[in-house]
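# Tertiary structure, described
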Amino acid sequence: MAELHPILCSKCKKPGTADKSECASCHGRVVRMCGSCGFTNAAAKKYCDACGENFALAKAAPPPPPKPAAKPPAAPT
């Protein structure tokens, strides 16, 4: 399952971590992308500057509901 607010490099788009501000591969800036509006913030931020979403409280979309079980055939009367 994809992370709702991924931390990635602004240049090469490789995944990063919040404890590093520079990409190990290309030395680009590591950012956190808001899953709601797509705005990029500093990786250490806990909220989006554009839409105000709190990253710590945000949850991934719930899984789809299970398919209903097949009904057994009705008994003849």
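Please read these numbers as outputs of a predicted model, since none were measured by experiment.

## With respect to the pairing of strand E2 (residues 30–33)
Bridging between strand E1 (residues 7–9) and E2 involves three bridges; their strand directions are antiparallel. Within E2, the residue paired with Ile-7 across the bridge is Arg-32. Note that E2 and strand E3 (residues 40–42) share three bridges and pair antiparallel. Across the sheet, Met-33 pairs through a bridge with Thr-40, a residue of E3. Linking two consecutive strands that pair antiparallel, namely E2 and E3, is a turn of six residues; a positive phi of about 85° is found at Gly-38 within it.

## Focus: the sheet that holds E3
Ordered in space as E1-E2-E3, the three strands form an open sheet in which the pairing is antiparallel. Of all strands in the sheet, those bounded by a partner on one side alone are E1 and E3. When the angles between neighbouring strand axes are averaged without regard to direction, this sheet yields 50°.

## As for the environment of Thr-40
Mapped onto the fold, Thr-40 is located in strand E3. Each C-alpha atom, one on Thr-40 and one on Ser-10, is 8.5 Å from the other, the two residues being 30 residues apart in sequence.

## A few points about unusual backbone geometry
The backbone phi angle of Lys-13 is positive, close to 65°, even though this residue is not glycine. Relative to the elements of secondary structure, Lys-13 occurs in the loop between E1 and E2. Phi at His-27 takes a positive value of approximately 65°, unusual for a residue other than glycine. Here His-27 lies in the loop between E1 and E2. For His-27, a relative accessible area of 53% puts it in the exposed group.

Conventions adopted
Residues numbered from 1 in each chain as written. Predicted model: local features only at pLDDT ≥ 70, side-chain atom pairs only at ≥ 80, totals over all residues. Heavy atoms only, no water. Pairing = 2+ DSSP bridges. Helix = DSSP H or I, 4+ residues; strand = E, 2+ residues; numbered from the N terminus. Axes fitted to C-alpha atoms, helices over the stretch in contact; angles between N-to-C directions. Buried < 20%, exposed > 50% of the residue type's maximum accessible area, 1.4 Å probe, protein only.

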